[in-house]
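Tertiary structure, described
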Amino acid sequence: QQQVKQSPQSLIVQKGGISIINCAYENTAFDYFPWYQQFPGKGPALLIAIRPDVSEKKEGRFTISFNKSAKQFSLHIMDSQPGDSATYFCAAFLSGGYQKVTFGIGTKLQVIP
Amino acid sequence: NAGVTQTPKFRILKIGQSMTLQCAQDMNHNYMYWYRQDPGMGLKLIYYSVGAGITDKGEVPNGYNVSRSTTEDFPLRLELAAPSQTSVYFCASSYTGTSGSEQFFGPGTRLTVL
């Protein structure tokens, strides 16, 4: 059973555009929602994360929007650049620790010039 | 700091062979993890360790074994390799197991079982 549903699986955006990746979760006990960025041939790296008591978090061009009532959260990449081309994973974290993290299936983003 | 290192980067195994995937970290992290990454499936936790001498199963442990004799090293052993174990394997570590402690990933090992 997939506890975190991520969409779309692939996304093509023009340079300067906004990339939006969505995730939905089922378990209301999740209390931490990180996003990871993974470049080809590399391991995932933490990009930005949010807790459910906050509706939005922004770091540079990256913003997480969180809707607790809808059990949805999304990653917005403003002014998308070719260097942002990577696979993005959302995840949901139970307070029991990283062994209880559930990852989304990933979104492959391609930013074209 | 080298962070989390993994060897080898690539490996091809025949069905029934065994091998050990090596993982080491130099950040003095207590927690270490092994994941597998399959297309369209996200990351699945195989085993994890909360400190030297302590390991526990994750979501998909069958066909794998681990040991943690030191804080730095966390090798993953595949016995009797099967085609279903074809995947990319990532090792990760964190100082604690809580969300306040960032999890760092290694570069991965791409394993093909034929």
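What comes next is a walk through the structure. (Residues numbered from 1 in each chain as written. Chains lettered and ligands numbered in written order. Predicted model: local features only at pLDDT ≥ 70, side-chain atom pairs only at ≥ 80, totals over all residues. Heavy atoms only, no water.)

It is worth spelling out the overall build of chain B at this point. Looking only at helices and strands, one finds zero helices and 11 strands in chain B. Reading chain B from its N terminus to its C terminus gives the helix and strand order β-β-β-β-β-β-β-β-β-β-β. Taken against the 2.2 N^0.38 rule, which gives 13 Å for 114 residues, the C-alpha radius of gyration of chain B at 13 Å falls within 12% of a compact globule. Counting every position in chain B, which comprises 114 residues, the buried fraction comes to 46%. Counted over contacts in chain B with a minimum sequence separation of 6, partners at least 24 positions apart contribute 55%. (Helix = DSSP H or I, 4+ residues; strand = E, 2+ residues; numbered from the N terminus. Rg over C-alpha atoms; globule rule 2.2 N^0.38 Å. Buried < 20%, exposed > 50% of the residue type's maximum accessible area, 1.4 Å probe, protein only. Contact = heavy atoms within 4.5 Å.)

Turning to unusual backbone geometry, a few remarks are in order. Backbone torsion omega between S7 of chain A and P8 of chain A reads -5 degrees, so that peptide bond is classified as cis. Mapping P8 of chain A onto the fold places it in the loop between β1 (4-7) and β2 (10-14). Note the cis peptide between T7 of chain B and P8 of chain B, where omega equals -5 degrees. With respect to the helices and strands, P8 of chain B occurs in the loop between β1 (4-7) and β2 (10-13). The backbone of D79 of chain A shows a phi angle near 45 degrees, a positive value even though the residue is not glycine. The backbone of L80 of chain B shows a phi angle near 55 degrees, a positive value even though the residue is not glycine. Position of L80 of chain B relative to the elements: it lies in the loop between β8 (76-78) and β9 (87-94). When its relative accessible area of 65% is taken as the criterion, L80 of chain B is described as exposed.

Here strand β6 (residues 56-59) of chain A runs beside strand β7 (residues 62-67) of chain A; their pairing, made up of four bridges, is antiparallel. Looking at β7 of chain A, one finds that E56 of chain A is bridged to S65 of chain A. (Pairing = 2+ DSSP bridges.)

So far we have only geometry, and geometry alone does not tell us how the molecule works.
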